[in-house]
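# Examination of the molecular architecture
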Amino acid sequence: LARAMDENSAYVWSSTFDHRHALQQIADALPEQVSVNGLSTQLNRFVRLFGADHAQVLDWEKHIPQAGIAARIGKADARYFLYSLATPGLLDPKHPWLRSIDGVSIDEWMRVAGDIGQGPLSSPAARFSRAQRIFPYIEHLRAEMGLATGGPVQLEMVSEDGTRAVILRLPLQASPGEI
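For every chain, the first residue of the written sequence is number 1, and numbering continues from 1 onward in sequence order. Only residues with pLDDT of 70 or above have their local features reported here, since the model is predicted, and side-chain atom pairs are shown and tallied only from 80 upward, although totals for entire chains, interfaces and linings are computed over all residues. Each side-chain value is worked out from all heavy atoms of the structure, with water and hydrogens disregarded.

## Here's the deal with the overall build of the chain
Labels follow the DSSP assignment, with helices taken as runs of H or I lasting at least four residues and strands as runs of E lasting at least two, numbered in each case from the N terminus. A tally of helices and strands in the chain yields 7 helices and 7 strands. Each helix and strand of the chain, placed in order from N terminus to C terminus, yields the pattern α-α-α-α-β-β-β-β-β-α-α-α-β-β. Going through the 179 residues of the chain one by one, you find that 39% of them count as buried. Working rule for contacts: check all heavy atoms of both residues, and any pair within 4.5 Å makes them a contact. By sequence separation, contacts in the chain at least 24 residues apart represent 58% of the contacts at least 6 residues apart. Partly exposed describes any residue whose relative accessible area lies between the buried limit of under 20% and the exposed limit of over 50%, with all areas from a 1.4 Å probe on protein chains only and scaled to the type maximum.

## A look at the packing of aromatic side chains
Note on ring pairs: Phe, Tyr and Trp rings are taken, using the six-membered ring of Trp, and paired if centres are within 6.5 Å. Classes follow the plane angle, with under 30 degrees stacked, over 60 edge-to-face and the rest tilted. Summed over all chains, the structure comprises 3 aromatic pairs. A centroid spacing of 6.2 Å and a plane angle of 40 degrees characterise the contact between Tyr80 and Phe128, whose relative ring orientation is tilted. Of the two residues, Tyr80 sits in strand β2 (residues 79–84) while Phe128 sits in helix α6 (residues 124–134), which places them 48 residues apart along the sequence. Here Tyr80 falls in the buried class, since its relative accessible area comes to 7%. Consider the rings of Phe81 and Tyr83, whose centres lie 6.1 Å apart with planes at 40 degrees: the pair is tilted.

## Description of unusual backbone geometry
At Asp77, a residue that is not glycine, the phi angle is positive and equals roughly 55 degrees. Relative to the helices and strands, Asp77 is located in the loop between β1 (72–76) and β2. Take Asp77: its relative accessible area is 79%, and that puts it in the exposed class. One non-glycine residue with positive phi stands out, namely Asp102, at about 50 degrees. Within the secondary structure, Asp102 is located in the loop between β4 (97–101) and β5 (104–105).

## Topic: the side chain of His95
By the secondary structure assignment, His95 is in the loop between β3 (89–90) and β4. A residue is classified by how much of its surface remains accessible, and His95, at 12% relative accessible area, is buried. If near-sequence neighbours (up to four positions away) are discounted, His95 is found in contact with Met157, Val158, Ser159, Arg164, Ala165 and Val166.

## Let's talk about a nonpolar patch on the surface
To count toward a patch, a residue needs a relative accessible area over 30% and no salt bridge; like charges are then connected within 9 Å, while nonpolar side chains (Val, Leu, Ile, Met, Phe, Trp, Tyr) are connected within 5 Å. Using the Shrake-Rupley algorithm and a 1.4 Å probe, accessible areas are obtained, with residue cover drawn only from the displayed protein chains. By salt bridge we mean one thing: a side-chain nitrogen of Lys or Arg within 4 Å of a carboxyl oxygen of Asp or Glu. A surface patch of nonpolar side chains, about 300 Å² in accessible area, is lined by Leu1, Val34, Leu39 and Leu43. Looking at the element boundaries, Val34 is found in the loop between α3 (19–29) and α4 (36–50).

## Overview of the confidence of the model for the chain
What pLDDT expresses is the predictor's confidence in each residue, scored from 0 to 100. On average, residues of the chain score 83 in pLDDT, and 87% of them reach the 70 mark or higher. Across the chain, the secondary-structure element scoring lowest on mean pLDDT is helix α2 (residues 11–14), at 69, and the one scoring highest is β5, at 98.

## Focus on α3
Those residues of α3 that sit buried are His19, Ala22, Leu23 and Ile26. Each buried residue of α3 lies within a common arc of 100 degrees when the element is viewed along its axis, so the set occupies one face. To be clear, the arc concerns the directions from the helix axis to the C-beta atoms.

## Describing the pattern of salt bridges
One pass over the full model with this rule turns up 9 salt bridges. One salt bridge in this structure joins Arg3 and Glu7, with 4.0 Å as the shortest N-O distance. Of this pair, Arg3 and Glu7 both sit in helix α1 (residues 2–8), 4 residues apart, roughly one helical turn. Between Arg142 and Glu139 there is a salt bridge; the shortest N-O distance is 2.9 Å. Taken together, the residues Arg142 and Glu139, both in helix α7 (residues 138–144) and 3 residues apart, mark about one turn of the helix. Its relative accessible area of 2% is what places Arg142 among the buried residues. By relative accessible area, Glu139 is classed as buried at 13%. Each of Glu108, Arg111, Asp115 and Arg127 takes part in a single network of salt bridges with overlapping partners.

Structure (structure tokens):
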């Protein structure tokens, strides 16, 4: 892969990113036998670190752990909201704003999702767009963040005026990307 990049990528010469070192770190972290899922996730991580916004590993999301929640995320100004595709509308109209998941700030969840989906060097809009796509895969994000996996997802939802908060517990579902 390093040779293919050296011979074919303009980013190698226009970036200070040490792609050979990053590839070696990935290779060192992989087990002797690696699954397709594990390899595609690591290759996507590498491409995102490289900072090439237009480069991508096709369909890599299909290879991450699929357990997650049946909700999508949106953003209005600096606040995040959840909505459902199954029953159109906000997940909780009386408490539309998402403050935290499993006790961790939604800003941190979206930072991690943006790093995984698009990479830390990308524009905020590109990061959010890709983060939205992988947001439902909470189990994968939990693992990436070093959080406990399994069990229901705890959402702290806040009222429009910010004076009331409720905790919603959503069960993990097998294929949240298809809901």
